[in-house]
Amino acid sequence: EFDTEALRSWIARRQMSYEGGFAGRSNKLVDGCYSFWQGGAMAVLDLWEDGDGNSDSSSELCFDREMLQRYILLCAQDVNGGLRDKPSKPRDFYHSCYNLSGLSITQHVLLGKPVQYSEQYTDPNIIGETHPTLNIRQERVASMRD
């Protein structure tokens, strides 16, 4: 038997209320890569419980989308390009990948249309839709299934 409520509760407690990003374990600092690892796990649980696996159902993810987008765009983004673990760290490919994947999940999963965090931005910041389990673009998943 799989206790989804315990898992959901554990993941939800990893989102830090002040920073908005996810920590990987208890008593650890926020790390940008967990935007995907924790956010993606929550998205998979929410899609599974939604029943149809369809991102057009207008349900809500069980974490604060806006706070996570805010962390990624304002804290994890390096002014010279790329993304990082946290503001005190240098940018790298690993954290760029998983921050962007987490950003995609916050903007697309279980929504009829993409939603962006826009407090600081006048230009659109919507990125392509990433599959929450495979971590590749949805159109690539569709082409593999054809």
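In case you missed it, the structure is sitting above this.
Residues numbered from 1 in each chain as written. Predicted model: local features only at pLDDT ≥ 70, side-chain atom pairs only at ≥ 80, totals over all residues. Heavy atoms only, no water.

> It is not clear to me how the nonpolar core should be interpreted in this structure. Could you clarify?
One broad trend across soluble globular proteins is that nonpolar side chains are buried collectively. If you look at the biggest cluster of nonpolar residues, it comprises 23 residues, and the most contacted ones within it are Leu61, Phe63, Ile105 and Val109. For this core, the elements supplying multiple residues, two or more each, are α2 (34-50), α3 (65-76) and α4 (93-108). Excluding its chain neighbours within four sequence positions, the residues that come into contact with Ile105 are Phe36, Gly39, Gly40, Ala43, Leu61, Phe63, Arg65 and Pro132. (Core = buried A, V, L, I, M, F, W, Y, C linked by side-chain atoms within 4.5 Å. Buried < 20%, exposed > 50% of the residue type's maximum accessible area, 1.4 Å probe, protein only. Helix = DSSP H or I, 4+ residues; strand = E, 2+ residues; numbered from the N terminus. Contact = heavy atoms within 4.5 Å.)

> I keep staring at unusual backbone geometry and nothing clicks. Help me out?
With glycine set apart, most residues show a phi of negative sign, and most peptide bonds adopt trans. Of note, the phi angle at Asn27 is positive, near 60°, even though the residue is not glycine. With respect to the element layout, Asn27 can be found in the loop between α1 (4-14) and α2. A relative accessible area of 82% places Asn27 in the exposed class. You will see that Leu110, though not glycine, has its phi angle at about 60°, which is positive. Relative to the helices and strands, Leu110 resides in the loop between α4 and α5 (138-145).

> Would you take a moment to explain the pattern of salt bridges for this structure?
Pairs may arise between side chains of opposite charge once their charged atoms sit close together. Overall, the coordinates contain six salt bridges when judged by the stated rule. Between Arg8 and Asp46 there is a salt bridge, with its nearest N and O atoms 2.3 Å apart. Pair noted here: Arg8 is in helix α1 and Asp46 is in helix α2, with a separation of 38 residues, a long-range link. Taken individually, Arg8 and Asp46 each receive the classification buried, so the pair is uniform in this respect. Salt-bridge contacts for Lys86 lead to Asp85; the nearest nitrogen and oxygen are separated by 2.5 Å. With a relative accessible area of 11%, Asp85 lands in the buried category. (Salt bridge = Lys/Arg side-chain N within 4 Å of Asp/Glu carboxyl O.)

> For this particular structure, what's the right way to read the packing of aromatic side chains?
Here the distance between the centres and the angle between the planes together describe a pair of aromatic rings. Scanning the model with the defined rule gives five aromatic pairs in all. On the basis of an interplanar angle of 65° and a centroid distance of 5.2 Å, the ring pair of Phe36 and Trp37 is categorised as edge-to-face. Classification of Phe36 as buried rests on a relative accessible area of 5%. For Trp37, a relative accessible area of 38% translates into the label partly exposed. Taken together, the ring pairs connect Phe36, Trp37, Tyr94 and Tyr98 into an aromatic cluster. If you follow Arg14 out to its NZ or CZ, it ends over the ring of Trp10, 4.7 Å from the centre. (Phe/Tyr/Trp six-rings, centres within 6.5 Å; stacked < 30°, edge-to-face > 60°. Lys NZ or Arg CZ within 6 Å of the ring centre and 35° of its normal.)

> Please clarify how the side chain of Asn125 should be interpreted in this entry.
Topologically, Asn125 is positioned in the loop between α4 and α5. Given a relative accessible area of 11%, Asn125 falls into the buried group. Other than its neighbours up to four places away in sequence, Asn125 contacts Gln69, Leu73, Gln107, Gln116 and Tyr117.

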